[in-house]
Amino acid sequence: MPVSDGPTIIKKYANRRLYNTGTSSYVTLEDLADMVKRGEDFTVKDARAGDDITHTVLTQIIFEQEAKSDQAILPVSFLREIIGYYGDQMQAMLPGFLDNAMKAFSEQQSHMREQMDKALYANPLKREYYRKEEAARQAGLGATSYRAAADEEELGGLHTAAAGDLDDLRRQLRVLQDRIDNM
């Protein structure tokens, strides 16, 4: 993607096609979702009127992701709560609150990933164990089959160490959930 001073402009045409002016190519909502995940900034403009429709398109992406996901991120109770705020006097406060809550969650998520990497991959034996376990899962064996077939001498005390690490991660997740609940 070419370097530019501002966000990439995505034009949306009447036929619903999306055109990335940065790459001079047509893109899909899935492509835009990938751009968001990579941290690329873009603005979606209606090709005819020039109106900024970024909010609408991002909402469409969320809708599609929720529809195709086996495990939706947005629980029904949360969606009901949001719908209940439309037209309410507190509606104006909700976007700022949600933005701050998401920023706090993202910061905690980065911290959790670092902790998880330290806990799971710092020890070379653990790293090898989890690599083999993941390969077994992908091969359709499942963790239980892999553990049954694993050489106990090679694994040593990994089960005990991993259980302690998982307990620590669960504790950290509870603290994170408490912080989010208190916001």
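A quick note: this is a predicted structure, and the numbers were derived from the prediction, not measured.

Examining the overall build of the chain
Across its full length, the chain holds eight helices and four strands. Across the chain, helices and strands are ordered from the amino to the carboxyl terminus as β-β-β-α-β-α-α-α-α-α-α-α. In the chain, which comprises 183 residues, the share counted as buried stands at 20%. Sequence separation of at least 24 residues holds for 45% of the intrachain contacts in the chain that already meet a minimum separation of 6. Carbon and sulfur atoms make up 54% of the accessible area of the chain, which totals about 13,300 Å².

Details of the sheet that holds strand E2 (residues 18–20)
Pairing within the open sheet is mixed, and its four strands lie in the order E3-E2-E1-E4. Pairing within the sheet leaves two strands with one partner each, and these edge strands are strand E3 (25–27) and strand E4 (42–46). The sheet shows a mean angle of 35° between the axes of neighbouring strands, taken without regard to direction. Sheet topology note: the strand E1 (residues 8–12)/E2 ladder contains three bridges and is antiparallel. Bridged to lysine 12 within E2 is leucine 18.

Considering helix H1 (residues 29–37)
Among the residues of H1, Leu29, Leu32, Ala33 and Met35 are the ones counted as buried. Around the axis of H1, the buried residues are gathered within 155° of arc, so they sit on the same side. The positive-phi residue at the C-terminal boundary of H1 is glycine 39, with phi of around 80°.

Considerations on the packing of H1 against helix H2 (residues 54–68)
One way to put it is that H1 packs onto H2 with a least axis distance of 10 Å and a crossing angle of 100°. It follows that H1 is roughly perpendicular to H2 by the angle criterion. For the pair H1 and H2, contact is made by Leu29, Glu30, Leu32, Ala33, Val36 and Lys37 and by Val57, Leu58, Gln60, Ile61, Glu64, Gln65 and Lys68, respectively.

Here is what the cut-offs are and how they apply
Residues numbered from 1 in each chain as written. Predicted model: local features only at pLDDT ≥ 70, side-chain atom pairs only at ≥ 80, totals over all residues. Heavy atoms only, no water. Helix = DSSP H or I, 4+ residues; strand = E, 2+ residues; numbered from the N terminus. Buried < 20%, exposed > 50% of the residue type's maximum accessible area, 1.4 Å probe, protein only. Contact = heavy atoms within 4.5 Å. Areas by Shrake-Rupley, 256 points an atom, 1.4 Å probe, with all protein chains shown as cover. Pairing = 2+ DSSP bridges. Axes fitted to C-alpha atoms, helices over the stretch in contact; angles between N-to-C directions. Arc of directions from axis to C-beta. Parallel < 35°, antiparallel > 145°, perpendicular 65-115°, else oblique.

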